[in-house]
Amino acid sequence: MTYSTADYVLIFKALSDETRLKILKMLSGTELCACKLLEEFNITQPTLSYHMKILTDSELVFSRKEGAWMLYTLNEEKIEAAASFIVHIAPAAKTCC
């Protein structure tokens, strides 16, 4: 799938925070509930919700509700698209200037 530059702006803004990068790393290869994520950080539940909203709005993370729990997983396609974008602009950077 091809994404617009506006999509990449949302992705890279989401990636520009240490807490969100740690969350993505925690979600690598697994599904976690918000309570498990919260255990790993010295932040409040509303702050975690703020970060998760940014990650889900950028579509780097999928969310689903199961009973009282909110569960999160990585959107591997979107992560791979962001990585591919960087790889494809790297050769252009080498020829610049």
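Anything mentioned here points back to the structure above.
Conventions we followed
Residues numbered from 1 in each chain as written. Predicted model: local features only at pLDDT ≥ 70, side-chain atom pairs only at ≥ 80, totals over all residues. Heavy atoms only, no water. Helix = DSSP H or I, 4+ residues; strand = E, 2+ residues; numbered from the N terminus. Buried < 20%, exposed > 50% of the residue type's maximum accessible area, 1.4 Å probe, protein only. Contact = heavy atoms within 4.5 Å. Areas by Shrake-Rupley, 256 points an atom, 1.4 Å probe, with all protein chains shown as cover. Lys, Arg positive; Asp, Glu negative; His and termini not counted. Charge placed at Lys NZ, Arg CZ, Asp CG, Glu CD. Arc of directions from axis to C-beta. Polar contact = N/O pair within 3.5 Å; in protein donor to acceptor, adjacent residues only side chain to side chain. Pairing = 2+ DSSP bridges. Disulfide = S-S within 2.5 Å.

Student: Describe the overall build of the protein chain, naming the residues involved and giving the relevant values.
Tutor: Within the protein chain, the secondary structure is distributed over five helices and three strands. Seen through its principal axes, the protein chain has C-alpha atoms that stretch 50 × 25 × 25 Å. Considering the protein chain as a whole, with its 97 residues, one finds that 28% of them fall into the buried category. Contacts in the protein chain between residues at least 24 apart in sequence constitute 53% of all its contacts with a sequence separation of at least 6. Of the roughly 6,500 Å² that the protein chain leaves accessible, carbon and sulfur atoms contribute 59%. The positive charge centre, built from 10 side chains, and the negative charge centre, built from 12, are 4 Å apart in the protein chain.

Student: Quick one: what's the story with unusual backbone geometry, residue by residue and with numbers?
Tutor: For glutamate 59, which is not glycine, the phi dihedral falls at a positive 65°. Topologically, glutamate 59 is positioned in the loop between α4 (45–57) and β2 (61–66).

Student: Let's hear about helix α2 (residues 18–27): which residues, and what values?
Tutor: Among the residues of α2, those classed as buried are Thr19, Arg20, Ile23, Leu24 and Leu27. Projected down its long axis, α2 carries its buried residues within an arc of 140°, all on one side. Across from the buried face of α2, at angles greater than 90 degrees, the exposed residues are Glu18 and Lys25. In this structure, the buried residues of α2 make contact with α1 (5–14), β1 (32–33), α3 (34–39), α4, β2 and β3 (69–74). You can read the cap of α2 off the contacts: a side-chain oxygen lies 2.9 Å from the backbone nitrogen of threonine 19, and it is on aspartate 17.

Student: Go over the pairing of β3 with me, naming the residues and quoting the values.
Tutor: Two strands pair when backbone bridges link them, and β1 and β3 are joined in this way by two bridges, in the antiparallel orientation. Pairing of leucine 32 across the sheet is with tyrosine 72, part of β3. For β2 and β3, the ladder comprises six bridges, and the chain directions are antiparallel. Bridging from a neighbouring strand, arginine 64 pairs with leucine 71 of β3.

Student: I'd like a description of the state of the cysteines, backed by residues and values.
Tutor: Using the criterion set out here, one finds one disulfide in the structure. Here cysteine 33 engages in a disulfide with cysteine 35; their sulfurs sit 2.5 Å apart. Of note, the bridge from cysteine 33 to cysteine 35 carries an S-S torsion of about -60° and is left-handed in sense. Given a relative accessible area of 12%, cysteine 33 falls into the buried group.

Student: Tell me what's going on with the side chain of serine 58, and back it up with residues and numbers.
Tutor: As for its placement among the helices and strands, serine 58 is situated in the loop between α4 and β2. Here the side chain of serine 58 touches leucine 55 through a polar contact of 3.0 Å, landing on its backbone oxygen. Look past the residues within four positions of serine 58 in its chain and what remains in contact with it is Leu10, Ile11, Ala14 and Lys78.

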